[in-house]
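Structural features, examined
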Amino acid sequence: MKERLAIVVGGGPAPGINGVISAATIEAINEGKDVFGIIDGFKWLSEGRMEKVIPLTIDEVSRIYSTGGSILRTSRENPTKDPKKIQNVITALNSLGIKYLLTIGGDDTAYSASVLEKEANGKISVAHVPKTIDNDLPLPGGMPTFGFETARHLGVRLVQNLMEDAKSTGRWYFVVAMGRSAGHLALGIGKAAGATLTIIAEEFTSTGSFGEESISLRKVCDILEGAIIKRLTTGRDHGVAIIAEGIAERLDPEEMDELKDVERDEHGHIRLSEIPLGKILKDKVKDSLTKRGIKVSIVDKDIGYELRASQPIPFDAEYTKNLGYGGVRFLLEGGSGAMIIFSSGKLTPIPFGGMLDPITGRTRVRLVDIESESYKVGRKYMIRLEKEDFSDNAVKVLAKASNMSPEEFGKRFGYLV
């Protein structure tokens, strides 16, 4: 019997998944291996069920590299929550004769892969291809995670359309972009589209602008309101603000009744899609302005699900072909227990332990470095209240636009700078 390789996809969709599946399948078959696809992530294997494992052929995968979604589907099933589930997965893979396992997913799937590799005791060789549109995995050389560039590309097009709509109709859009742990996608979209401003959670960390671990809802609202007022002083009644969804996870619970009973996923994360962050911000900012007689039209909009299953742009189509090929070569050459990354023109395996936080045991998160030149350039082109806006002459103009006295305006918004 030929040696067998299985492919499994975990976490949320990302453009390029099918490219990895295609390249990995073709390379493994060309090397004399049988290839099987595991449907729905670890969902069925965790229950010890094997009927959702299907053979893959070159004819089936040769043209899927440019398509969106995942032909194997995906799920957030977390087998590491229960030792029995982990054992079920290993037993099922052994029963199927799987010698090699290629996992595709984000940090949670990477962690599951590392646990499986350890518990398999050498019977199954495991490699992981990192994937997430959030771009929050610490890949060497600053390489993006696959799917990010496609998601940003489509996000920019959507935001540019909203910017034109905002200008044409005289309204503001509060756009919440995906990014649980890091603000790369929100910032990447906002910066490339030329949005009025972008707010990310990293601004509020101990190394950020405000030096806080929890995020004040009032502060986020005041940043937005300040930008609206500043635009009004230039005769512009419109704009687009991009807000990273991860802000919702770190808002002060005392200010957010919506967080108290919010649903969590299999990995214990708050389901951010259940928190109407854009609407909450819109209602509070609009209410504040209305109380002072300022009429502004604001529309809240979420961007995320539209981006995840998109057809990959050429960058990700090529990138994922490299990664799928590299994952199989690593396994067939005797490797195991590593993530496959592509940096400086070379495919390189990074041991699971090399990307884990020694304290949490989980994959480290790559945050936006707000001290970087890239962030500083983006920040320079945003419309936000700055220190110079509180000089005597400038604050008078802003105060007049906000229907406040200069003293009231300084007391209300001065802490932001």
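The coordinates are above.
Described below are features of the structure shown in this document. (Residues numbered from 1 in each chain as written. Predicted model: local features only at pLDDT ≥ 70, side-chain atom pairs only at ≥ 80, totals over all residues. Heavy atoms only, no water.)

1. Section: the overall build of the protein
Scanning the protein from terminus to terminus reveals 14 helices and 11 strands. For the protein, whose C-alpha radius of gyration is 24 Å, the value lies close to the compact-globule estimate of 22 Å for 417 residues. In terms of its C-alpha atoms, the protein occupies a principal-axis envelope of roughly 80 × 40 × 35 Å. Split into buried and exposed, the 417 residues of the protein put 55% on the buried side. Expressed as a percentage of contacts within the protein between residues at least 6 apart in sequence, the contacts between residues at least 24 apart total 76%. Of the roughly 18200 Å² of accessible surface on the protein, a fraction of 48% belongs to carbon and sulfur atoms. Once the 55 positive and 57 negative side-chain charges of the protein are each reduced to a mean point, those two points are 2 Å apart. (Helix = DSSP H or I, 4+ residues; strand = E, 2+ residues; numbered from the N terminus. Rg over C-alpha atoms; globule rule 2.2 N^0.38 Å. Buried < 20%, exposed > 50% of the residue type's maximum accessible area, 1.4 Å probe, protein only. Contact = heavy atoms within 4.5 Å. Areas by Shrake-Rupley, 256 points an atom, 1.4 Å probe, with all protein chains shown as cover. Lys, Arg positive; Asp, Glu negative; His and termini not counted. Charge placed at Lys NZ, Arg CZ, Asp CG, Glu CD.)

2. Overview of the packing of helix α3 (residues 83–95) against helix α4 (residues 107–119)
Remark: α3 packs on α4, axes separated minimally by 10 Å, with the N-to-C direction vectors making an angle of 70°. Judged by the angle between their axes, α3 and α4 are roughly perpendicular. As for the relative orientation of α3 and α4, their crossing is right-handed in sense. Taken together, the residues of α4 that come into contact with α3 (itself represented by Ile 86, Val 89 and Ile 90) are Val 115, Leu 116 and Glu 119. Split by residue class, the contact of α3 with α4 holds 5 nonpolar, no polar and 1 charged. (Axes fitted to C-alpha atoms, helices over the stretch in contact; angles between N-to-C directions. Parallel < 35°, antiparallel > 145°, perpendicular 65-115°, else oblique. Left-handed = near helix turned anticlockwise from the far one by under 90°. Nonpolar A, V, L, I, M, F, W, Y, C, P; charged D, E, K, R; others polar.)

3. Focus on the packing of aromatic side chains
Using the criterion set out here, one finds 3 aromatic pairs in the structure. An angle of 40° between the planes, with centres 4.9 Å apart, marks the rings of Phe 409 and Phe 413 as tilted. Placement of both Phe 409 and Phe 413 in helix α14 (residues 406–413) is noted, with a separation of 4 residues, approximately one turn of the helix. Residue class for Phe 409 comes out buried when judged on its relative accessible area of 0%. (Phe/Tyr/Trp six-rings, centres within 6.5 Å; stacked < 30°, edge-to-face > 60°.)

4. Notes on the environment of Gly 326
Following the sequence through the fold, Gly 326 ends up in helix α11 (residues 314–332). Owing to a relative accessible area of 8%, Gly 326 belongs among the buried residues under this scheme. The contact partners of Gly 326, leaving out residues within four places of it in the chain, are Ile 340 and Leu 347.

By themselves, these are just geometric observations and shouldn't be taken as functional.
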